[in-house]
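Observations on the three-dimensional arrangement
Now for the letters of each chain:
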Amino acid sequence: MPEAQVVARAMQKYGMFLSDGGNIALTAQSDQDTTAKYANLDFDSHALKALKVTDFEIVDMGTPIHLTDECKLSK
């Protein structure tokens with residue numbers, strides 16, 4: 001659909017952050033915190049499901065943050 005193509009092209013041009021792939025990596029779960037709503041855009045939360053994480057390349061991951069399981073609050 002054209003609306004999904006616009007979003008895919010924007011990701012292609014500007015990049016994206018992917019924090020957790022999940023079952024459908026490019027699924028927008030909720031539009032409750034956005035001004036543009038899916039219903040107004042003829043776009044739904046699964047419009048990009050045809051894209052796979054493997055369709056993208058990693059450009060720069062930055063410094064890795066290693067899991068330590070030592071979560072501490074600082075004051």
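Refer to the preceding data block for the structure.
Everything numeric in this text was worked out from a predicted model, so none of it was measured. (Residues numbered from 1 in each chain as written. Predicted model: local features only at pLDDT ≥ 70, side-chain atom pairs only at ≥ 80, totals over all residues. Heavy atoms only, no water.)

Brief notes about the overall build of the chain
Along the backbone of the chain there are two helices and zero strands. Counting every position in the chain, which comprises 75 residues, the buried fraction comes to 11%. In the chain, the share of contacts with a sequence separation of at least 24, taken over all contacts with a separation of at least 6, comes to 60%. Here the chain displays about 7,200 Å² of accessible surface, and carbon together with sulfur accounts for 54% of that area. (Helix = DSSP H or I, 4+ residues; strand = E, 2+ residues; numbered from the N terminus. Buried < 20%, exposed > 50% of the residue type's maximum accessible area, 1.4 Å probe, protein only. Contact = heavy atoms within 4.5 Å. Areas by Shrake-Rupley, 256 points an atom, 1.4 Å probe, with all protein chains shown as cover.)

A short note on the nonpolar core
With five residues, the main nonpolar core is built from Ala-4, Met-11, Tyr-38, Phe-43 and Leu-48. Excluding anything up to four places from it in sequence, Phe-43 contacts Met-1, Glu-3, Ala-4, Val-7, Tyr-38 and Leu-48. (Core = buried A, V, L, I, M, F, W, Y, C linked by side-chain atoms within 4.5 Å.)

Focus: the environment of Phe-17
Topologically, Phe-17 is positioned in the loop between helix 1 (2-14) and helix 2 (38-41). Classification of Phe-17 by relative accessible area gives exposed; the value is 86%. Between the alpha carbons of Phe-17 and Ile-58 there is a distance of 10.0 Å; along the sequence they are 41 residues apart.

Observations concerning the layout of surface pockets
For the largest pocket, the calculated volume is near 790 Å³. Around the largest pocket, the lining is made up of 21 residues, and of these Met-16, Phe-56, Glu-57, Ile-58 and Val-59 lie nearest the centre. Taken together, the residues that form the lining of the largest pocket break down as 13 nonpolar, four polar and four charged. (1 Å grid on protein atoms, 1.4 Å probe; cavity = no way out; pocket = protein on both sides within 12 Å on 5 of 7 lines; lining within 4 Å. Points joined across faces, edges and corners; volume = space filled by probe spheres on them. Nonpolar A, V, L, I, M, F, W, Y, C, P; charged D, E, K, R; others polar.)

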